[in-house]
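Fold and geometry: a report
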Amino acid sequence: QVQLVESGGGLVQAGGSLRLSCAASGRIFSSYGMGWFRQAPGKEREFVAAIRWNAGSIFYAESVKGRFTISRDNAKNTVYLQMNSLKPEDTAVYYCAAVTRYYSDLRSAKYDYWGHGTQVTVSS
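Before going into details, it helps to say that this report is about the structure given with it. (Residues numbered from 1 in each chain as written. Predicted model: local features only at pLDDT ≥ 70, side-chain atom pairs only at ≥ 80, totals over all residues. Heavy atoms only, no water.)

Moving on: the overall build of the protein. What the protein contains, in helices and strands, is zero helices and eleven strands. Compactness check: the protein gives a C-alpha radius of gyration of 13 Å against a globular reference of 14 Å for 124 residues, within 12% of the reference. In terms of its C-alpha atoms, the protein occupies a principal-axis envelope of roughly 40 × 25 × 25 Å. Taken over 124 residues, the protein has a buried fraction of 47%. Working note: accessible area of the protein is about 6,300 Å², and carbon and sulfur atoms make up 47% of it. Across the protein, the 14 positively charged side chains and the 9 negatively charged ones have centroids separated by 4 Å. (Helix = DSSP H or I, 4+ residues; strand = E, 2+ residues; numbered from the N terminus. Rg over C-alpha atoms; globule rule 2.2 N^0.38 Å. Buried < 20%, exposed > 50% of the residue type's maximum accessible area, 1.4 Å probe, protein only. Areas by Shrake-Rupley, 256 points an atom, 1.4 Å probe, with all protein chains shown as cover. Lys, Arg positive; Asp, Glu negative; His and termini not counted. Charge placed at Lys NZ, Arg CZ, Asp CG, Glu CD.)

As structure tokens, then:
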């Protein structure tokens, strides 16, 4: 089993920045990649970004390209989501997730483990 704990959420002004962290523990060696998802009130969960632990391939949703950056620290079993130029539309609960089997495209992978989420609120 993999345990995921998100942190770093909060309230930020539009145009500001925020960095989310996801600390993974447990059988993290079985995880091929990590992803960030978000869910706004009344909306479905959507993919944000993903990265492989071992290969470093990166995937982004079109809505965040150029603004968000996903990175990883394998030694710390931690992935990060640096969010710049935040918009009110980015307001959501952000979830960290892990996938334990290989997918060529992590945007469409079936993620197996999920954190409890961290709230990001962008005010205008």
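Structure's up, so let's keep going.
Under the defined criterion, the tally for this structure stands at four aromatic pairs. Aromatic pair Phe-37 and Phe-47: ring centres 5.6 Å apart, planes at 80°, arrangement edge-to-face. Here Phe-47 lies in strand S5 (residues 46-52) and Phe-37 lies in strand S4 (residues 33-39), a separation of ten residues in the sequence. As far as burial versus exposure is concerned, Phe-37 and Phe-47 are alike and both buried. For the ring pair Phe-37 and Tyr-111, a centre distance of 4.9 Å and an interplane angle of 80° mean the geometry is edge-to-face. One end of the pair, Phe-37, is in strand S4; the other, Tyr-111, is in the loop between strand S9 (92-99) and strand S10 (113-114), and 74 residues separate them in sequence. (Phe/Tyr/Trp six-rings, centres within 6.5 Å; stacked < 30°, edge-to-face > 60°.)

Here we come to the state of the cysteines. Evaluated as defined, the whole model comprises one disulfide. Across the disulfide from Cys-22 sits Cys-96; the S-S distance is 1.9 Å. Judged by the sign of its S-S torsion, about -80°, the bond between Cys-22 and Cys-96 is left-handed. Here the residue Cys-22 occupies a position in strand S3 (residues 18-26), and Cys-96 occupies one in strand S9, the gap between them amounting to 74 residues. Accessibility classification places Cys-22 together with Cys-96 in one group, the buried group. (Disulfide = S-S within 2.5 Å.)

The next thing to look at is the nonpolar core. Most often, soluble globular proteins have nonpolar side chains that are buried together. One finds Leu-4, Met-34, Trp-36, Leu-81, Met-83, Tyr-94 and Tyr-111 to be the most contacted residues of the largest nonpolar core, which totals 41 residues. The dominant element in this core, judged by the number of residues it contributes, is S9, at six residues. (Core = buried A, V, L, I, M, F, W, Y, C linked by side-chain atoms within 4.5 Å.)

Phi angles above zero are rare outside glycine, and Asn-77 is one such case at about 50°. Position of Asn-77 among the secondary structure elements: in the loop between strand S7 (68-73) and strand S8 (78-83). Asn-77 sits in the partly exposed class, given a relative accessible area of 24%. Despite not being glycine, Ser-85 shows a phi value in the positive range, around 50°.

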